[in-house]
Amino acid sequence: MTLAFPAAFPDPGEIPADQPVAIGSEAHKRLFCRTLFATFNPYKPAVIDWPKLDPGTRKIVTSLPIWDIAVQTENRAGLFVASYGDLVDDPILKVAVELDAFEERRHRYVLANMVEAYGIKLAPEPAYPRPRDPEWAFTRIGYSECIDSFFAFGLFEAARRTGFFPPELIDTFEPVIHEEGRHILFFVNWAAWHRRTMPFWRRPWFELKVLAIWACLIWERIGIASNTAHGAQDSNFTVNGAGQLGVDLSAAELMDICLSENDRRLAVYDKRLLRPTFVPGVVRFVRCFLRPKQP
């Protein structure tokens, strides 16, 4: 597949910084779409210069139990987001969703090029049927990324601080991590806008969908769906990945890093936009009962 996206985006119009924006309003929609457009990075996966790794680092990186599931997840995410984009009539929102799908697919190519550069063997990819309910699929991908990105921010920073990954590899992956922040910001604002603009009679059904999606995601992430102890790929890696990265952090320390990085990465965007609150809120609550590891 050739990755291409138009160089020009539709102009949602200026929204003065001092203008209040009501959640669910036309201005709100234009603001979160405009933010996605304005922060687009046109890098091309094919021209990324992957840094050479010393033998020890290369062995650790290639042995991580995540690459198959990571590539498959990004491919599935691109399909699910694009399927919802096919249903969107609003011209500005449609292009924003299409851009989101493009970036998800681009992540797949970044990962595929990386594993090829470092000689990582991947299992054959399964077929990806189009979802029967595109709204469900898009919503599930969005909330899943809210979980995974929160922990990925912390793991990425922990790997940087400890020197687990060399600075060159950190710099190479930074655009992908940056995009994950953009995606969850776009999603939570879309979800809030979508709730307020859908017909009243559809809202109970949508909320039931959301509850079912959270139940599925929690079920996956408590380790029922996969178990690395038995050699399976780990869809729960972003939650328990510190140990697999060889980073010696207590749960409290990792939570602190995740919370700090989540706040830092999302602080750069317009203050009138919503931020994800559920996962950071749960982690802050759990963190109250944990003590840092004693030296």
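Residues numbered from 1 in each chain as written. Predicted model: local features only at pLDDT ≥ 70, side-chain atom pairs only at ≥ 80, totals over all residues. Heavy atoms only, no water.

(A) Region of interest: the overall build of the protein chain. From N to C terminus, the protein chain includes ten helices and zero strands. Ordered by position from N to C terminus, the α and β elements of the protein chain give α-α-α-α-α-α-α-α-α-α. Here the protein chain holds 295 residues, and the buried ones make up 51% of them. Contacts in the protein chain between residues at least 24 apart in sequence constitute 82% of all its contacts with a sequence separation of at least 6. Total accessible area on the protein chain stands at roughly 14800 Å², and carbon and sulfur atoms take up 61% of it. (Helix = DSSP H or I, 4+ residues; strand = E, 2+ residues; numbered from the N terminus. Buried < 20%, exposed > 50% of the residue type's maximum accessible area, 1.4 Å probe, protein only. Contact = heavy atoms within 4.5 Å. Areas by Shrake-Rupley, 256 points an atom, 1.4 Å probe, with all protein chains shown as cover.)

(B) Spatial organisation of helix H9 (residues 251-266). With 16 residues, H9 extends 22 Å between its outermost C-alpha atoms, agreeing within 8% with the 22 Å of an ideal straight helix rising 1.5 Å per residue. Considered for burial, the residues of H9 that qualify are Ala 252, Leu 254, Met 255, Ile 257, Cys 258, Leu 259, Glu 261, Asn 262, Arg 265 and Leu 266. (Expected span 1.5 Å × (residues − 1).)

(C) Broad picture of a nonpolar patch on the surface. Together, Phe 278, Val 282, Phe 285, Val 286 and Phe 289 give the surface a local cluster of nonpolar side chains, amounting to about 510 Å² of exposed area. Within the secondary structure, Val 282 is located in helix H10 (residues 278-287). (Patch = residues over 30% accessible without salt bridge, like charges linked within 9 Å, V, L, I, M, F, W, Y side chains within 5 Å. Salt bridge = Lys/Arg side-chain N within 4 Å of Asp/Glu carboxyl O.)

(D) Quick look at the nonpolar core. Trp 67, Leu 93, Phe 173, Phe 186 and Trp 190 are the most contacted members of the largest nonpolar core, which totals 81 residues. Secondary structure elements with two or more residues in this core: helix H1 (26-38), helix H3 (67-85), helix H4 (91-117), helix H5 (134-162), helix H6 (167-197), helix H7 (203-221), H9 and H10. The element that contributes the greatest number of residues to this core is H6, accounting for 13 residues. Look past the residues within four positions of Trp 190 in its chain and what remains in contact with it is Phe 32, Tyr 84, Leu 93, Phe 138, Thr 139 and Phe 206. (Core = buried A, V, L, I, M, F, W, Y, C linked by side-chain atoms within 4.5 Å.)

(E) Highlighting the pattern of salt bridges. Counted according to the given criterion, the structure contains 19 salt bridges. Across the salt bridge formed by Asp 86 and Arg 130, the nearest N and O atoms sit 2.8 Å from each other. One end of the pair, Asp 86, is in the loop between H3 and H4; the other, Arg 130, is in the loop between H4 and H5, and 44 residues separate them in sequence. On the basis of relative accessible area, Arg 130 is assigned to the partly exposed category, the value being 48%. One continuous salt-bridge network, built from bridges that share partners, spans Asp 133, Glu 135, Arg 202 and Lys 209.

(F) Broad picture of the side chain of Ser 83. Looking at the element boundaries, Ser 83 is found in helix H3. Residue classification places Ser 83 among the buried positions, given a relative accessible area of 3%. Here the side chain of Ser 83 touches Phe 80 through a polar contact of 2.6 Å, landing on its backbone oxygen. Beyond its immediate sequence surroundings of up to four residues, Ser 83 is in contact with Arg 130, Pro 131 and Pro 134. (Polar contact = N/O pair within 3.5 Å; in protein donor to acceptor, adjacent residues only side chain to side chain.)

(G) Structural detail: H5. Compared with the 42 Å implied by 1.5 Å per residue over 29 residues, the 41 Å span of H5 between its first and last C-alpha is a close match. Buried residues dominate H5, accounting for 24 of its 29 residues. At the N-terminal end of H5, a side-chain oxygen is found 3.2 Å from the backbone nitrogen of Glu 135, two or three residues along, and the residue is Asp 133. Of the residues one or two after H5, Gly 163 is the one with positive phi, at around 75°.

(H) Main features of the packing of H5 against H6. Put simply, H5 and H6 touch, their axes get as near as 9 Å, and they point 145° apart. In the packing of H5 onto H6, the handedness of the crossing is left-handed. A per-class count over the contact of H5 with H6 returns 14 nonpolar, six polar and six charged. (Axes fitted to C-alpha atoms, helices over the stretch in contact; angles between N-to-C directions. Left-handed = near helix turned anticlockwise from the far one by under 90°. Nonpolar A, V, L, I, M, F, W, Y, C, P; charged D, E, K, R; others polar.)

(I) Structural detail: the environment of Glu 26. Summarising the element assignment, Glu 26 is placed in helix H1. Residue Glu 26 is classed as partly exposed on the basis of its relative accessible area, which comes to 46%. Taking the C-alpha atoms as reference points, Glu 26 and Trp 193, 167 residues apart in sequence, are found 8.9 Å from one another. Here the side chain of Glu 26 touches Lys 29 through a polar contact of 2.9 Å, side chain to side chain.

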